[in-house]
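Overview (structure and organization)
What follows is the residue order along each chain.
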Amino acid sequence: MKIVDIREIAIPLKSSLRNSVFDFSEMTTSVVAVISDVMRNGKPLIGYAFNSTGRYACGAQMRSRLIPRILSASPDELLDASGVNFDPAKIFARMMLREKPGGHSERSVPIGTIEVAVWDLVAKVADKPLYAVLAERFNQGKIPTKVPCYVGGGWYAPGKGIPELKEEIQRRKDEGYTVMKVKVGGAPLKEDLLRLDAAIEVMGSANSIAVDANAAWQRESALTYTKALAPYGLRWLEEPTDPLDYALLAELCGFYEAPIATAENLFSTQDIRNLIQFGGLRSDRDIIQIDVPQSYGITQFSRTLEMMAERKWARSQVFPHGGNLMTLAIVAGFGLGGCEAYPDVFGAFAGFADDSIVTEGFINLSDRPGIGFEGQNQLFSLMQTINN
């Protein structure tokens, strides 16, 4: 058995939304297909993935060096010990050939995207959902029946005021979400506090609201905002500043009692290790939000979790960035704290399977083999164009 081809296409998101830092009008994403010679129902098994959201398409690196390295390997070099499935760790190592240490974001996103597509293929060869394969390998076989899931939203958009924000939040509440994340930092503080008051009014409790600053604040604005937010008792404050600004993060953690969530803009095990060692984060409450497909993929993520466990961080404190089926499978398989959702935000790349149901803040899991993109019709139709 072998991988016969790996293909990539870049697709625009076409979104008019913005957070506190940038708008998504030019955002693109890479879709990857890893094609094998394993036949099932008369068709070759194919693993799919895309590079999550918030980072642009990265096909140049894939085509110039990562894909050729995989395809130039002998088939046996990429198989597991049983010889009946592919080995993601070996394929990851193959992509890292002749790569200089450091410089993570330039290669972590393309490598992670391909690696997650390989895992989709591995689970399809095993004829199991990816979360089940991950649970067997990394979580003592513990497979949940449902996963905690909060919803991201409260975006800034043209013509969107308080009434429209309240309408959005009520809609998500009616859909079954019990925790809503709202953007802050993209408007004056007074206006953001009015938006926050409106969100709490709809959800019924500040503990049902998290806020996301998208790392927009410098020291003065971060201190001003966090001191204004401290009395609210929010669920968490996300990305108040650059996660590499360890001194400022430690200062914020020193007086802000509610959890601080960060790390979606970090891309490696070394980044996370430095963050929890020097950033003042508190393992009993703060949240790590690394985006797995953007951070070298699942194999390396398992090593990040091992490093965190050595430093007394529980998996329940990990809520990966990325509201999509890839992240849902990873959260379920590793037994993490929860998953985020971004329905109706990033076009076909938003949301989960068409038959997904959120009930009292938990989302169900399907039994489709692999990641399960086949159950997300609009996205899967788009993914299949890569094979035309």
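Residues numbered from 1 in each chain as written. Predicted model: local features only at pLDDT ≥ 70, side-chain atom pairs only at ≥ 80, totals over all residues. Heavy atoms only, no water.

Considering the nonpolar core
How we decide: Within this scheme, the nonpolar core is defined by two criteria: the residues are buried Ala, Val, Leu, Ile, Met, Phe, Trp, Tyr or Cys, and they are joined through side-chain atoms within 4.5 Å. With a 1.4 Å probe rolled over the protein chains alone, any residue whose accessible area is under 20% of its type maximum counts as buried; one over 50% counts as exposed, and the rest are partly exposed. The helix and strand labels rest on DSSP assignments: H or I over at least four residues marks a helix, E over at least two residues marks a strand, and numbering proceeds from the N terminus. Any two residues having at least one pair of non-hydrogen atoms within 4.5 Å are treated as being in contact.
If you look at the biggest cluster of nonpolar residues, it comprises 123 residues, and the most contacted ones within it are Ile209 and Phe373. Considering every element that reaches this core, the biggest residue donor is helix H3 (residues 104–126), with 11 residues. Not counting residues up to four positions away in its chain, the partners in contact with Phe373 are Tyr48, Ala49, Phe50, Asp120, Leu325, Met326, Leu379, Phe380 and Met383.

With respect to the pairing of strand E4 (residues 146–153)
Basically, it comes down to this: When DSSP locates at least two bridges between a pair of strands, those strands are taken to pair.
Burial analysis of E4 places 6 of its 8 residues in the buried class, the great majority of the element. In this sheet, strand E12 (residues 362–364) lies alongside E4 in antiparallel orientation, the contact comprising 3 bridges. Bridge pairing links Pro148 to Phe362 in E12. Here E4 runs beside strand E10 (residues 339–341); their pairing, made up of 3 bridges, is parallel. Directly across from Cys149, in E10, lies its bridge partner Cys339. As paired elements, E4 and strand E5 (residues 180–183) share 3 bridges and run parallel to each other. When the sheet's bridge partners are listed, Gly153 is paired in E5 with Val182.

Points about the pairing of E5
Burial along E5 is two-sided: Met180 and Val182 and Lys181 and Lys183, pointing in opposite directions, are all buried. By the bridge criterion, 4 bridges tie E5 to strand E6 (residues 209–212) in an arrangement that is parallel. Paired with Lys181 across the two strands is Ala210, which belongs to E6.

What to know about the sheet that holds strand E1 (residues 3–12)
The cut-off we apply is this: Orientation is described by lines fitted to C-alpha atoms, with helices fitted over the stretch in contact, and by angles between N-to-C directions that extend from 0 to 180 degrees.
Spatial strand order, E1-E2-E3: 3 strands in an open sheet with antiparallel pairing. The open sheet is flanked by E1 and strand E3 (43–50), the only strands paired with a single partner. The mean inter-strand angle of the sheet, taken between neighbouring strand axes irrespective of direction, is 25°. Looking at chain direction, strand E2 (residues 28–40) and E3 are connected through 7 bridges and run antiparallel. Bridge pairing links Ile35 to Ile46 in E3.

Digging into helix H1 (residues 59–71)
Cut-off, in case you're wondering: Multiply 1.5 Å by the residue count of a helix minus one, and that product is the helix's expected span. Bend angle per residue: angle between axes fitted to the 7 residues ending at that residue and the 7 residues starting there.
For H1, with 13 residues, the first-to-last C-alpha span of 16 Å runs short of the 18 Å given by 1.5 Å per residue. The largest bend along H1 measures about 35° and falls at Arg65, with the proline Pro68 one to four residues further on. Buried within H1 are the following residues: Gly59, Gln61, Met62, Leu66, Ile67, Arg69 and Ile70. Close packing links the buried residues of H1 with E1, E2, helix H2 (88–95) and H3.

The quantities given are spatial measurements derived from coordinates; they are silent on function.
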